[in-house]
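A structural walkthrough
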Amino acid sequence: MSAPPEDNALPPGTTGVVAVDLDRLAANWRALSNLVGPADCAAVVKADAYGLGADRCIPALARAGCRSFFVATTAEAMEARRLAPDAAIYVLDGLLPGSAPALAAIGAVPVLSSLLEIRACAEFARTTKAKPAVALHVCSGLNRLGLSAGDVEVLSLAPEQLSGLDVSLVMSHLASADAVDDPMNAAQLKAFERLRSLLPAARASLAASDGMMLGPAYHYDLARPGYALYGGQPSRTLRAPVEPVVSVYARILQIRDVPTGASVGYSGIWRAERPSRIATIAAGYADGVPRIATGGPVRVDGVNYPVVGRIAMDQMVIDLGPLNVSAGGRSVLGAEAVLFGNGDDGGPTAEDWARAAGTNNYEIVARISPRVPRRYINEELPRDESRP
Ligand SMILES: *Cc1c(COP(=O)(O)O)cnc(C)c1O
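Notes on the structure follow.

Criteria and cut-off values
- Residues numbered from 1 in each chain as written.
- Predicted model: local features only at pLDDT ≥ 70, side-chain atom pairs only at ≥ 80, totals over all residues.
- Heavy atoms only, no water.
- Helix = DSSP H or I, 4+ residues; strand = E, 2+ residues; numbered from the N terminus.
- Contact = heavy atoms within 4.5 Å.
- Areas by Shrake-Rupley, 256 points an atom, 1.4 Å probe, with all protein chains shown as cover.
- Lys, Arg positive; Asp, Glu negative; His and termini not counted.
- Charge placed at Lys NZ, Arg CZ, Asp CG, Glu CD.
- Salt bridge = Lys/Arg side-chain N within 4 Å of Asp/Glu carboxyl O.
- Buried < 20%, exposed > 50% of the residue type's maximum accessible area, 1.4 Å probe, protein only.
- Axes fitted to C-alpha atoms, helices over the stretch in contact; angles between N-to-C directions.
- Parallel < 35°, antiparallel > 145°, perpendicular 65-115°, else oblique.
- Left-handed = near helix turned anticlockwise from the far one by under 90°.
- Pairing = 2+ DSSP bridges.
- Near = heavy atom within 4 Å.
- Polar contact = N/O pair within 3.5 Å; in protein donor to acceptor, adjacent residues only side chain to side chain.
- 1 Å grid on protein atoms, 1.4 Å probe; cavity = no way out; pocket = protein on both sides within 12 Å on 5 of 7 lines; lining within 4 Å.
- Sits in = over half its atoms within 2 Å of the grid points.
- Nonpolar A, V, L, I, M, F, W, Y, C, P; charged D, E, K, R; others polar.
- Core = buried A, V, L, I, M, F, W, Y, C linked by side-chain atoms within 4.5 Å.
- Expected span 1.5 Å × (residues − 1).
- Points joined across faces, edges and corners; volume = space filled by probe spheres on them.

Once that is clear, we can look at the overall build of the protein chain. The helix and strand tally for the protein chain stands at 11 helices and 19 strands. Along the three orthogonal principal directions, the C-alpha set of the protein chain runs to about 80 × 45 × 35 Å. Expressed as a percentage of contacts within the protein chain between residues at least 6 apart in sequence, the contacts between residues at least 24 apart total 67%. Per element, the accessible surface of the protein chain, about 16700 Å² overall, is 55% carbon and sulfur. Distance between charge centroids for the protein chain: 2 Å, based on 36 positive and 40 negative side chains.

Here we take up the pattern of salt bridges. This model, assessed by the stated rule, comprises 13 salt bridges. The shortest N-O distance in the salt bridge between E193 and R196 comes to 3.7 Å. Residue E193 and its partner R196 are both found in helix α8 (residues 183–197); the two are separated by three residues, about one turn of the helix. Taking the relative accessible area as the measure of exposure, E193 reaches 35% and is therefore partly exposed.

Here we take up the packing of helix α1 (residues 22–36) against helix α3 (residues 54–64). Between α1 and α3, the shortest axis-to-axis distance is 9 Å and the interhelical angle comes to 50 degrees. Considering their axes alone, α1 and α3 lie oblique with respect to each other. In the crossing of α1 with α3, the sense of the turn from one axis to the other is right-handed. Along the contact surface, α1 presents L22, L25, A26, W29 and R30, while α3 presents R56, C57, A60, L61 and A64.

Right, let's talk about the pairing of strand β19 (residues 374–377) for a bit. Residue alternation in β19 divides its side chains into two sets, R374 and Y376 and R375 and I377, and both sets are buried. When strand β1 (residues 16–21) meets β19, the two strands line up parallel, connected through four bridges. Its bridge partner being in β19, A19 is matched across the sheet by R375.

Next up on the list: the site of the ligand. Near the ligand, the surroundings consist of 14 residues, among which K46, Y50, S209, Y227 and Y362 are the closest. Separating an oxygen atom of the ligand from a side-chain N or O atom of K46 is a distance of 2.8 Å. Between the ligand and R144, the relevant distance is 3.1 Å, taken from an oxygen atom to a side-chain nitrogen or oxygen of the residue. The fraction of the free accessible surface of the ligand (390 Å²) that becomes covered by protein chains is 91%. Its atoms largely coinciding with the cavity grid, the ligand occupies the largest pocket. When the residues that make up the shell around the ligand are grouped by side-chain class, the tally is eight nonpolar, three polar and three charged.

For the rest of this paragraph, the subject is the nonpolar core. The biggest cluster of nonpolar side chains holds 115 residues, and the ones touching the most others in it are V298, M316, L339 and W353. Here W353 is in contact with V289, A293, G296, P297, V298, V307, M316, L339, F340, P348 and I364, once residues within four sequence places are set aside. V264, I278, V308 and V317 belong to the second largest nonpolar core, which has eight residues in total.

The next thing to look at is helix α6 (residues 115–128). Helix length check: α6 (14 residues) gives 20 Å between terminal C-alpha atoms against 20 Å at 1.5 Å per residue, within 8%. In this structure, the buried residues of α6 make contact with α5 (99–106), β6 (109–112), β7 (133–137) and α7 (149–157). K129 lies just past α6 and shows a positive phi near 55 degrees.

The next point concerns empty space enclosed by the protein. The final tally for this structure, using the stated rule, is one cavity of 30 Å³ or more. Taken as a whole, the largest cavity spans an internal volume of roughly 180 Å³. Lining the largest cavity are 19 residues, with V248, A283, D287, V289 and L339 positioned closest to its centre. Of all elements in the fold, only β11 (246–258) and β18 (336–340) reach the threshold of two or more residues within the lining of the largest cavity. Broken down by element, the lining of the largest cavity gets its largest block of residues, three residues, from β11. Looking at the lining of the largest cavity residue by residue, the classes come out as 14 nonpolar, three polar and two charged.

In this section: the layout of surface pockets. Taken as a whole, the largest pocket holds about 580 Å³ of empty space. Contributing to the lining of the largest pocket are 30 residues, with K46, Y50, H173, A208 and Y362 lying nearest its centre. Looking at the lining of the largest pocket residue by residue, the classes come out as 14 nonpolar, eight polar and eight charged.

Note that all results are geometric; they support no functional claim without further evidence.
And the structure:
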């Protein structure tokens, strides 16, 4: 278990830090890989590895043995290629106007979701006299991206549309796999089986983090976890074999005492009901704390306190309690407060913030803004360096 950074581990001059444990990330990938073996395990690293920093996470995952990465955009694919020269890179948003040459140049595999994309890709293949690897995304019920059943039937009747392409993967995505008993899971499995049987034989992929927990029938040849790699629990009831990777810290900017009736923050939505000691924390909605999450927990010196009043752009205020309660010995200017961490010690978690904000834990992690520096711990090489 990794210790949280010491106070002095907050980089000098920063107001907060996102600490990312790269050993844990690697261990999570290995655990998920074991869970789905003999199927392969990819890593979904879109959105800058869920905001944790693709430039550090991708090399750590590659060192752990990961050979396949999924990104959303062409720009992300280019970064992934630079960081993992030998890996398979799948681009979930597929082909966009003008992106085919860029993807071909780096050998990234577009995930094609429509007949239009297939046509554009085949045309590009013809003009470049290449047979590019592609993945086909079929829609099994999510109705977000993917070839419809009708599209797949068209392809099965006119397979020459795919003749210039090397279909290396057929995939789909589950809608409700976070709920084990949801009948949608089995229905999508069945739909995927049928659609796949109409397409050229290729490796298959269905499960993201939550789907991996549904058992071997969902694993196929390649699993695609994202959130669970970063330590999140994707299922409402089943425990994924992963440990938290991310902790978020922010400094205390000020501690003040206010009398009964004093209002705190914009619009005065909170008033002290007793003489109160409050602390202003250097994190706000521009750092990714949802403005709506008043009440969310912040840990100072081993105790969780609620955010009171409106969360502002750069700051929020916590109520440390009545004046006769000690705020703890270390609660001084610049001391660290924990927004969320692994929860081992009873500290706040991303799930707690999700509850306060009426959202899910994915959004809490993914929205931590680039303003908060990332700090990497337990990184093999180079060690203990900070960015930006
Ligand atoms: C984002 C995404 C994933 C990863 O999902 P997690 O729930 O984070 O594991 C897998 N597949 C597709 C198509 C995605 O868009």
